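Geometric and topological summary
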Amino acid sequence: MADPADSRDAALLAPIERTGRGFYVTVGILAALILWGAIAYWTQFNEGLGVTGLHQPVSWGFYVTNFVFFIGISHAGTLISAILRLSKAEWRRPITRMAEVITVMVLFIGAGQILVDLGRPDRMLNIIRYGRYQSPLLWDATSISAYLTASIVYLYIPMIPDIAILRDRVGKRKFFYSVLALGWQGTEHQQKVLNRAIAIMAVLVIPIAVSVHSVVSFVFSMTLQPGWHSTIFGPYFVVGAIFSGIAALIVAMIAFRKAYGLQSYLKPIHFRYLGQLLLVMSLLWFYFTFAEYLTGYYGSEPEEMKVFWSKFTGPFWPFFWGMVLTNVAIPLLCLVRLGRRTIGKVLIASLSVSVGMWLERFIIVVPTLSNPRLPFGEGIYFPTWVEWGEMAGSFALFALFYVLFTKLFPVISIWEIREGREVGLKEVEERLLTYLPDVAEPEVVPAKRGR
Amino acid sequence: MALWGMVIDLDRCTGCQACVVACKAENNVPPVGAKEAVRGRIISWMQVLTEEDEEHDGEVKRFVPRPCLQCDDPPCTKVCPVYATYRNPEGIVAQIYARCIGCRFCMAACPYNAKYFNWHRYQKEAPGQNPDVSLRPKGVVEKCTFCHHRLQKARERALAERRELAPGEYVTACAEVCPARAIVFGDLSDPGSEVHRLARSPRAFRLLEALGTKPKVIYLSEGEGRG
């Protein structure tokens, strides 16, 4: 399968072989933003968290919001890649790699937010030395480490055949590629082992991902605070994570499609399918939000209602209604009729959801803290340049990691595309036949992959 | 084992803030400066909350002195990832400043907002500081510990003199200084103590009792003298 002479997918190798001016401009802009973030962090490290806008009682702000947001985005890889792989959705082939990369990169950035948030980053290892397993933060540290490990493996394994292609085709970095290719020759046995490994990882990574997003929500819901102490939070965060993950994936796909000219791989049909998934998640997210706030409203506990009204009509109304607009109204308008101009509409919806899900995380973290139960006076939170800088730096770092990745490895899985052409077509036809009433189902469905 | 507790009589409290000042002096609680104070960075282990009386609108202010409530089921200790905060056997919720990583999870979990964060390095060695109380570095959470150093001192003195710790030998700075004697401190587990007697008063209540945190700071509601 890894036939080095096959030049049909040259477009996928082009970004690795040649580097255009766009790349340097992008990297330059990203580096500037990262520099801003680095200066912000250095300032904070020297002077303490006092340089941020955080205070008593709003002791968590942008950093925790970003943490939850980034970890949420990481669901892209698991959902699209693992679920679509397991369900044998053939249209997944050009998408899986991009999704998996998002997961790995964003987990690094997300976990980093917690380090940025710590008042004493120098004592970070206390979590290991004196770890208290009662604390949801420890659950977070554990599940995110597991998720990161599993995601890296799950990204790497399907990359091996592609790395072998690079080893054989690309002149540069021969040693690097041959080490990473692990001696891949594309034999039948190797292919069988690879497919089994991918299947195992795909199954494994889904429960881990669900656990991560639940545990992130537990950081809030394990407290007694009004607006946080909610049983729905686990599933609510999982839904939000899938929602924002799809949106981030679509944005990345459209960006690379344009930058690397991948129009023949990422077709409108892919965006239509992903757009439909996004629409479903938007409705599901709306249902969860509705259920959460309606039960709170009927319970009508005074403390709960203080937080409730601060979101609906109080100081946080622009964020709350902005969230409703960007997470439900705009996606619905864009995605319900996906006839013409699919990609434009899907892009608008995805960008809107990306903003909306960030607002959702913000609206969960801050209003609860700014409405203490006892008469302390309400605190409203204004981030300073330090927090803006670190936020910009974090997003830029994510983008930079991603761009650099595409310069080292193909952003679309070459061997999976080839497999789709060579094996997938036949397989789908056979599978389709078995769905029909007048064809007997084979006793055991053999995994007819590879050769 | 003693169970240290406090009774605060809201009828007696005049809102004079003597407890706040005494606490700050006793525990080296740092002044943060006007600029920081405006930004909501005041550290005040003991804080007098003022509340408008809903029944007498605009007429009466209610004063609620709020130290750390030393919950018997503290929400803050459950969430700390590094055992920097814990409930010690005598019921005092302690904070290990040298271990705290500054994640502020305990602050987010405390329904009484009794935990404070050192946003900057506010404290340096200075004359007039209490040598028994450690200075907190930047980036850690600090809190009221019922003047725990006073307990240690009193206990060591008793030990040196080969006797039991006498009741009244250990009181917190806020209780000691209160001119209206609104704050009474002592051993809740000692049936002869004043706090034990007052804690059983029909006027006794606990802040946000419904949360189930079981605070060991007990308030006496305003009674006859109201209005």
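Residues numbered from 1 in each chain as written. Chains lettered and ligands numbered in written order. Predicted model: local features only at pLDDT ≥ 70, side-chain atom pairs only at ≥ 80, totals over all residues. Heavy atoms only, no water.

1. A look at the overall build of chain A
The secondary structure content of chain A amounts to 17 helices and zero strands. Its C-alpha atoms give chain A a radius of gyration of 23 Å, near enough to 22 Å, the size a compact globule of 451 residues would have. Dimensions of chain A, computed from the C-alpha atoms along their principal axes, are close to 75 × 55 × 45 Å. Of all 451 residues assigned to chain A, the portion counted as buried reaches 57%. Sequence-distant contacts, at least 24 apart, represent 82% of the contacts inside chain A between residues at least 6 apart. Accessible surface, chain A: about 19200 Å² in total, of which carbon and sulfur atoms supply 69%. (Helix = DSSP H or I, 4+ residues; strand = E, 2+ residues; numbered from the N terminus. Rg over C-alpha atoms; globule rule 2.2 N^0.38 Å. Buried < 20%, exposed > 50% of the residue type's maximum accessible area, 1.4 Å probe, protein only. Contact = heavy atoms within 4.5 Å. Areas by Shrake-Rupley, 256 points an atom, 1.4 Å probe, with all protein chains shown as cover.)

2. A short note on unusual backbone geometry
Residue and element names in this part refer to chain A. Following Gln56, the chain continues into Pro57 via a peptide bond in cis, with omega recorded as 5°. Take Pro57: it is sitting in the loop between α2 (21-47) and α3 (62-73). At Arg341, a residue that is not glycine, the phi angle is positive and equals roughly 50°. Note on placement: Arg341 falls in the loop between α14 (317-335) and α15 (342-370).

3. Topic: α2(A)
An α-helix turns once per 3.6 residues; consequently, residues spaced three or four apart project the same way. Residues and elements named next belong to chain A. Between the first and last C-alpha of α2 there are 39 Å, a value that for 27 residues agrees with the 39 Å anticipated at 1.5 Å per step. The complete set of buried residues in α2 reads Phe23, Leu30, Gly37, Ala40, Thr43 and Gln44. Buried residues along α2 sit against α3, α5 (96-117) and α16 (385-408). Looking one or two residues beyond α2, the residue adopting positive phi is Gly48, at roughly 95°. (Expected span 1.5 Å × (residues − 1).)

4. Considerations on the pattern of salt bridges
Summed over the entire model, instances satisfying the criterion amount to 32 salt bridges over all chains. One salt bridge connects B:Arg62 with B:Glu222, and the closest N-O pair in it is separated by 3.0 Å. One end of the pair, B:Arg62, is in strand β3 (residues 61-66); the other, B:Glu222, is in the segment after β10 (217-220), with 160 residues separating them in the sequence. Among the salt bridges present, the one from B:Glu169 reaches B:Arg163, with a minimum N-O distance of 2.8 Å. One network of salt bridges, in which partners are shared, links A:Arg85, A:Arg92, A:Glu100 and A:Glu416. (Salt bridge = Lys/Arg side-chain N within 4 Å of Asp/Glu carboxyl O.)

5. Quick word on the interface of chain B and chain A
With 46 residues of chain B at the contact, the number on the chain A side is 43 residues. The contact between chain B and chain A buries some 3800 Å² in all, and 58% of this surface belongs to carbon and sulfur atoms. Counting across the chain B and chain A interface gives one salt bridge. Two residues, B:Arg104 and A:Asp117, come together in a salt bridge whose shortest N-O distance is 2.5 Å. Our count for the chain B to chain A interface comes out at 30 residue pairs in polar contact (both at pLDDT 80 or more). Contributions of two or more residues to the side of chain B that touches chain A are made by β2 (47-52), α3 (75-79), α4 (105-109) and β6 (115-117) of chain B. (Buried area = accessible area lost by both parts, 1.4 Å probe. Polar contact = N/O pair within 3.5 Å; in protein donor to acceptor, adjacent residues only side chain to side chain.)

6. With respect to the packing of aromatic side chains
Counted according to the given criterion, the structure contains 52 aromatic pairs over all chains. Each ring, one from B:Phe146 and one from B:Phe185, has its centre 5.0 Å from the other, and the planes form 80°; the classification is edge-to-face. One end of the pair, B:Phe146, is in the loop between β7 (141-143) and α5 (148-160); the other, B:Phe185, is in strand β8 (residues 183-187), and 39 residues separate them in sequence. By relative accessible area, which is 1% here, B:Phe146 ends up buried. Overall, B:Phe185 belongs to the buried group, its relative accessible area being 9%. A cation over an aromatic ring shows up here: A:Lys407 above the ring of A:Phe23, its NZ or CZ 5.0 Å from the ring centre. The ring centre of B:Phe117 lies 5.2 Å from the NZ or CZ of B:Arg104, which sits over that ring. (Phe/Tyr/Trp six-rings, centres within 6.5 Å; stacked < 30°, edge-to-face > 60°. Lys NZ or Arg CZ within 6 Å of the ring centre and 35° of its normal.)

7. A word on the packing of α3(A) against α15(A)
Residue and element names in this part refer to chain A. It is at 9 Å that the axes of α3 and α15 come closest, and there the two elements cross at 130°. Here α3 is positioned oblique relative to α15, judged by the angle of their axes. The chirality of how α3 crosses α15 is right-handed. Contacts between α3 and α15 involve Phe62, Val64, Thr65, Asn66, Val68, Phe69 and Gly72 from the first element and Ser354, Met357, Trp358, Arg361, Phe362 and Val365 from the second. When its residues are assigned to classes, the contact of α3 with α15 shows eight nonpolar, four polar and one charged. (Axes fitted to C-alpha atoms, helices over the stretch in contact; angles between N-to-C directions. Parallel < 35°, antiparallel > 145°, perpendicular 65-115°, else oblique. Left-handed = near helix turned anticlockwise from the far one by under 90°. Nonpolar A, V, L, I, M, F, W, Y, C, P; charged D, E, K, R; others polar.)

8. Let's talk about the confidence of the model for chain A
Of the residues in chain A, 96% reach a pLDDT of 70 or more, and the chain-wide mean stands at 90. Highest mean pLDDT in chain A belongs to α3(A) (95); lowest belongs to helix α1 (residues 10-17) of chain A (82). (pLDDT = per-residue confidence, 0-100.)

9. Focus on the state of the cysteines
In the structure shown here, the tally under the stated rule is zero disulfides over all chains. Note on B:Cys103: no disulfide assigned, nearest cysteine sulfur contributed by B:Cys80 at a separation of 6.2 Å. (Disulfide = S-S within 2.5 Å.)

10. With respect to the nonpolar core
One finds A:Trp60, A:Met98, A:Phe220 and A:Leu249 to be the most contacted residues of the largest nonpolar core, which totals 193 residues. It is helix α11 (residues 233-260) of chain A that contributes the most residues to this core, 17 residues altogether. If we skip the residues at most four places from it in the chain, A:Leu249 touches A:Ala76, A:Ile80, A:Ile95, A:Met98, A:Ala99, A:Ile102 and A:Leu274. In terms of nonpolar packing, the next biggest core, distinct from the first, is built from seven residues, B:Val184, B:Val195, B:Leu198 and B:Leu220 among them. (Core = buried A, V, L, I, M, F, W, Y, C linked by side-chain atoms within 4.5 Å.)

11. Points about a nonpolar patch on the surface
Residues and elements named next belong to chain A. On the surface, Val25, Ile29, Leu33, Leu35, Trp36, Ile39, Trp385 and Trp388 cluster together into a nonpolar patch covering about 780 Å² of accessible area. Those elements that provide at least two residues to the nonpolar patch are α2 and α16. Top element by residues in the nonpolar patch is α2. It accounts for six residues. Inspection of the secondary structure puts Val25 in helix α2. Classification of Val25 as partly exposed rests on a relative accessible area of 48%. (Patch = residues over 30% accessible without salt bridge, like charges linked within 9 Å, V, L, I, M, F, W, Y side chains within 5 Å.)

12. Things to note about the pairing of β10(B)
Residue and element names in this part refer to chain B. Residues Val217 and Tyr219 of β10 are buried on one face, and the alternating residues Ile218 and Leu220, pointing to the opposite face, are buried as well. Summarising the sheet, strand β1 (residues 4-9) and β10 pair through four bridges and their orientation is parallel. Across the sheet, the residue bridging to Met6 is Val217, located in β10. Relative to β10, strand β9 (residues 204-205) runs antiparallel, the two being bridged by two bridges. (Pairing = 2+ DSSP bridges.)

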